[in-house]
Amino acid sequence: MDRRKIDVVLSTFLIIASVIILINDNLVEGGAESDLGIMFLPRVVAGFMIIFAATIAIQSFSKLSKGAELEGPELIITNGNSGIFIYIGIFVAYWLAVPHLGFMVTTPFVMLGVAVLLGGRNWIPLIAMSVITPVLIYYGSKEFLRVYLPTWTL
Amino acid sequence: MFDNILSGFSAILAVGPILGIIAGVFIGIIFGAIPGISCIMAIAIILPMTFYVDPIIGITMLLAVYKAGIYGGSISAILINTPGAAASFLTAQDGHALTKAGKAGKALDISLFSSVSGEMLATLVLILVAAPISAISLQAGPIEKVFLLLFAFTVIGSMAGESIPRGLLSCCLGMLFAMVGMDSITGSSRFTFGITELMGGFTFTPMLIGILVMPEVINVIRRRKVPHHELAITHSPNPADNRISFKEFKQVFRTILKSSGIGTFVGALPGLGSSTAAFIAYGEAKRTSKKPDEYGKGSVEGIAAAESANNAVCGSSMIPMLTLSIPGDDVAALLMGAFLIHGLTPGPMIFFEHTETIYAIFAGFLITDLFLLVIARAGFKFFVKIASLRRYYIFPCVTAFAFTGAFTAGQNMNDILVLIVFTVMGYGMRMVGLNPAVFIIGFILTPFLEQNLDQAFAIVGTEYHLFFASPFSWVFIVLSAFFVFSSMRMKRKASKVPAPVQEKSA
């Protein structure tokens, strides 16, 4: 994938966001007045972001328009990206499931899923690891850290 | 100072801190030795577990993870030619050449001894230099601190990114995210868009794990089809090839001292980091060596130079953080977060407000070196075995620990959402050449900047020229301009030399 195209799109997005920060007064709610002004620093930062984002966009756009060859980091390798989507999907499902099913029930499935995604097929050690690790984490957190991880609520 | 150091030792020589150091060294070596896992990941995962212990135990444990993790990186570099970090690249060149010649034991030995020597020297410098610098920096008022922080942002942003605009943009993004939530001075809510959960801002730990740790996991998942490397120590039948003799160590001791000095100096400058130190020290050692031809082909001296410089950065990178509140690199930023979470605000006042704690941490730093030496020496074979664990055993555990770490911070499921969002953002930042570490530094330092800026405005009123009345202000303006200019020159030079592009194998 050509990173220069992403540069142009992302920089445009950041410039638009920065302009909104510069001109919109509704981004702050309540509070007292200060010498500095609550939006002073965000606006200074937004100003700098416009400069840096524009620099990146102009550099990438000029290379794109000249049809210059891609240099090392400008080529984004996308092989294996399906795995990334699956992993993020597993993590989102983990986040949604834990409050209802609890940490101890959900985590073994998540660990097993990630292990399989990474090519693990040694079922007995993988299942043992997926069961023992959450148990150790759960009781370790409870006994030593006094952190109570979510439990089954259905 | 001597009394403080003694009281530091008496505080650290207790069961809790010693167990913390041992655990930290163990975890650090294991995480450092596993290809694809860095010491940053280890620190970020261990960080939430230290919330509930005394700061002396928690911070020394994290520092032990840091030091041992940097050393652990040389194990995979030497044995399978897989440097976990850029700083280990040179160690991999010479170390792996020795491994192929059946002298892996010698390479691992010199790497360990050089690492420990470099770290000890840098720690001594840290102990001797930090308190006097902090006494000077105490003279700085809010105006000077504003310029100091602007200097830090400029230097770190311009030195650390792939290009200067990308580095500075990463810093600005971190600053912007730090401004989300209720302002501590005025009580106003910024960028919350009516979402009450955002009033407290983004929780630091899940954001940190998301930005710095999880993208590494994602990277391993993307490259899951790259074959797994086996780590194995190859033995030469000659016992002298498998260890380093005192005579050999004496021969490279001058190189170790010089490289440690270079590492200490480079580490004390914000933004340069351990790779720069290793490259400069290696180049200098090669320049003055009697056998420069051996460099890159299995030079014991080369490993000693790279490793001692690389590890010396650990101690000295704490100097700007503890004296000026400027984290010099990503690990220092992480450790600064850990200090803040433990109620210790890095900066000159730390030496007066938490004297016993800070000197105990210093003592812990020195003791960690001894434990690193003993534990690493005793457990070479064990660490190599652990480091050869297949990634499908390691990364599911990292996922579970990341989840627990993010939850532990606030015991709130919304923090897991923060973790997921910043994981995607951290990976995206890496893809487009933005620097996540600079983002974190911007995030950490912005509240200090805003607080000092507010105080500075209250002091100067409408007489804005007072901002430039102090010589400190001019010194930092000149230094900022100098660093930006020199980093532009460095990057221009570097762009003329084609960089080797290689996919790191997991």
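Caption draft 1: Seen up close, the overall build of chain A. The helix and strand inventory of chain A stands at five helices and one strand. In sequence order, chain A lays out its α and β elements as α-β-α-α-α-α. Relative to its length of 154 residues, chain A is extended, with a C-alpha radius of gyration of 24 Å against a globular reference of 15 Å. Across its three principal axes, chain A shows a C-alpha extent of roughly 55 × 55 × 25 Å.

Caption draft 2: Up close: the overall build of chain B. Secondary structure assignment for chain B yields 21 helices and two strands. Taken along its principal axes, the extent of the C-alpha atoms in chain B is 75 × 55 × 45 Å. Taking all 506 residues of chain B together, the buried fraction comes to 59%. Restricting the contact set of chain B to residue pairs at least 6 apart, pairs at least 24 apart contribute 79%.

Caption draft 3: Looking closely at unusual backbone geometry. Residues and elements named next belong to chain B. Of note, Phe193 is a non-glycine position whose phi angle comes to about 50°, a positive value. Within the fold, Phe193 resides in the loop between strand S2 (189–190) and helix H9 (204–222). For Phe193, a count of 10 C-beta atoms within 10 Å gives the class exposed. With phi around 50°, Gln411 is a residue other than glycine that occupies positive phi space. Relative to the helices and strands, Gln411 resides in the loop between helix H18 (391–410) and helix H19 (414–431). Take Gln411: there are 12 C-beta atoms within 10 Å of it, and that puts it in the exposed class.

Caption draft 4: Examining the interface of chain B and chain A more closely. Taken together, the 54 residues of chain B in the interface contact 57 residues of chain A. Counting residues per element, the ones that place at least two in the side of chain B that touches chain A are helix H8 (164–178), S2, H9, H18, H19 and helix H20 (436–460) of chain B. When residues of the side of chain B that touches chain A are assigned to their parent elements, the largest contribution, 12 residues, is made by H18(B). Residues of the side of chain B that touches chain A, tallied by class, amount to 33 nonpolar, 10 polar and 11 charged. Pairing analysis gives two bridges linking strand S1 (residues 28–29) of chain A to S2(B), with the strands arranged antiparallel.

Caption draft 5: Region of interest: helix H4 (residues 103–117) of chain A. Under the 1.5 Å per step criterion, the end-to-end length of H4(A) is 20 Å for 15 residues, consistent within 8% with the ideal 21 Å. The first or second residue beyond H4(A) is Gly119(A), which carries a positive phi of 100°.

Caption draft 6: Summary view of the confidence of the model for chain A. Per-residue pLDDT for chain A has a mean of 91; in total, 100% of the residues score no lower than 70. The lowest-confidence element of chain A is S1(A), averaging 86 in pLDDT; the highest-confidence one is H4(A), averaging 96.

About the cut-offs
- Residues numbered from 1 in each chain as written.
- Chains lettered and ligands numbered in written order.
- Predicted model: local features only at pLDDT ≥ 70, side-chain atom pairs only at ≥ 80, totals over all residues.
- Helix = DSSP H or I, 4+ residues; strand = E, 2+ residues; numbered from the N terminus.
- Rg over C-alpha atoms; globule rule 2.2 N^0.38 Å.
- Buried ≥ 20, exposed ≤ 12 C-beta atoms within 10 Å, placed from the backbone.
- Contact = placed C-beta atoms within 7 Å.
- Nonpolar A, V, L, I, M, F, W, Y, C, P; charged D, E, K, R; others polar.
- Pairing = 2+ DSSP bridges.
- Expected span 1.5 Å × (residues − 1).
- pLDDT = per-residue confidence, 0-100.

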